[in-house]
Amino acid sequence: MLQASVDIDTGEALTARQKAVLDAALRLLVEEGDHLTMTAVARRASCSKETLYKWFGDRDGLLTATVQWQASKVRVVPVDRKGLDLASLTASLERFASGWLKVISSDTSIALNRIAVSHAGSGKDDLGGIVLENGRFALARRLKPVLEAGRQAGLLEFSDAEAAFRTFFGLVARDVQIRLLLGDRLELTDAAIGGDAVRATQQFLALYGAKTGRKAHRAG
């Protein structure tokens, strides 16, 4: 199945045609919610069901690849561990926060999460597990090395990378995701998202920044 080889950071394992199919699946999830079928995706994407089964294995495989494709839109700016400074660490964190807010506030992510929540404990499928593993957990695996690099460079102070990640995640998300899932029509413009990303990063650095880093941050 495709999910075994997808790189959610870059989507390099996906061809342009496969990306178009996954985009079609995402649009169907927004429009039809829980009624996503291989037949419907094949029809919308103008391809055969045989092709879908070849690429994704089955419906769960398609859902997994769809979630991975959506998660790949949250970018983590690579950092140079040897030359890492506060400015580059801050830029990486801000870009991650901005990208994540844009993704979770999109119609496609809201639809995916609503379906996953409705399926939890129902025995229908493991969409909740798919969303967790290829969404939140995958993002943690990608950002933690940046946090670790910040600690090694003497810019951050923490004893548990998971706890630090959860704090940053919480500062970025606040109550945004739950409000969106419940139908609140938040005005998340690019400017608002950018401002929230900067705020969350500054708050995180105030909590976890090394003392010398905090002084330099305030001085800048």
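Residues numbered from 1 in each chain as written. Predicted model: local features only at pLDDT ≥ 70, side-chain atom pairs only at ≥ 80, totals over all residues. Heavy atoms only, no water.

Draft legend 1. Main features of the layout of surface pockets. Each pocket or cavity is described by its volume, and for the largest pocket that value is around 540 Å³. If you trace the largest pocket, you find 28 residues lining it, with Ile104, Asn113, Val131, Arg136 and Gln177 closest to the centre. Breaking the lining of the largest pocket down by element, the ones donating at least two residues are α4 (59–71), α5 (86–104), α6 (107–119), α7 (127–152), α8 (161–173) and α9 (176–181). No other element matches the 7 residues that α7 contributes to the lining of the largest pocket. Classifying every residue of the lining of the largest pocket gives 16 nonpolar, 8 polar and 4 charged. (1 Å grid on protein atoms, 1.4 Å probe; cavity = no way out; pocket = protein on both sides within 12 Å on 5 of 7 lines; lining within 4 Å. Points joined across faces, edges and corners; volume = space filled by probe spheres on them. Helix = DSSP H or I, 4+ residues; strand = E, 2+ residues; numbered from the N terminus. Nonpolar A, V, L, I, M, F, W, Y, C, P; charged D, E, K, R; others polar.)

Draft legend 2. Quick peek at the confidence of the model for the chain. On average, residues of the chain carry a pLDDT of 84, and 88% of them reach 70 or more. When the elements of the chain are averaged for pLDDT, helix α11 (residues 211–219) gives the smallest value, 51, and helix α10 (residues 190–208) the largest, 96. Note that pLDDT drops below 50 for residues 1–11; the model gives that stretch 30 contacts with residues more than four away or on any other chain. In the predicted structure, residues 213–220 sits below a pLDDT of 50 and forms 11 contacts with residues beyond four places in sequence or in another chain. (pLDDT = per-residue confidence, 0-100. Contact = heavy atoms within 4.5 Å.)

Draft legend 3. Geometry of the packing of α5 against α7. Running from N to C, α5 and α7 point in directions that differ by 160°, and their axes come no closer than 10 Å. Looking at the two axes, α5 sits roughly antiparallel to α7. Two packed elements cross with a definite hand, and for α5 against α7 that hand is left-handed. Counted together, Leu89, Ser92, Leu93, Phe96 and Trp100 of α5 and Leu139, Leu143, Val146, Leu147 and Gly150 of α7 form the full contact between these two elements. Taken together, the residues of the contact of α5 with α7 sort by class into 8 nonpolar, 2 polar and no charged. (Axes fitted to C-alpha atoms, helices over the stretch in contact; angles between N-to-C directions. Parallel < 35°, antiparallel > 145°, perpendicular 65-115°, else oblique. Left-handed = near helix turned anticlockwise from the far one by under 90°.)

Draft legend 4. Summary view of the pattern of salt bridges. Overall, the coordinates contain 9 salt bridges when judged by the stated rule. Taken together, the shared-partner salt bridges in this structure form one network comprising Arg136, Lys144 and Glu162. (Salt bridge = Lys/Arg side-chain N within 4 Å of Asp/Glu carboxyl O.)

Draft legend 5. Representation of the nonpolar core. By size, the foremost hydrophobic cluster in this structure holds 38 residues, and its most contacted members are Phe96, Leu143, Leu147 and Phe204. Broken down by secondary-structure element, the contributors of at least two residues to this core are α5, α7, α8, α9 and α10. Counting 28 residues, the second largest nonpolar core, distinct from the first, contains Leu22, Leu36, Met38 and Val41. (Core = buried A, V, L, I, M, F, W, Y, C linked by side-chain atoms within 4.5 Å. Buried < 20%, exposed > 50% of the residue type's maximum accessible area, 1.4 Å probe, protein only.)

Draft legend 6. The arrangement of the packing of aromatic side chains in detail. One pass over the structure, following the stated rule, counts 7 aromatic pairs. Here Trp100 and Phe169 contribute two aromatic rings whose centre-to-centre distance is 4.0 Å and whose plane-to-plane angle is 35°, an arrangement assigned as tilted. A residue pair is termed long-range when its members are at least 10 positions apart, and Trp100 in helix α5 and Phe169 in helix α8 qualify at 69 residues. In terms of burial, Trp100 and Phe169 fall into one category: buried. One aromatic cluster is present, built from ring pairs that chain together Phe96, Phe158, Phe168, Phe204 and Tyr208. (Phe/Tyr/Trp six-rings, centres within 6.5 Å; stacked < 30°, edge-to-face > 60°.)

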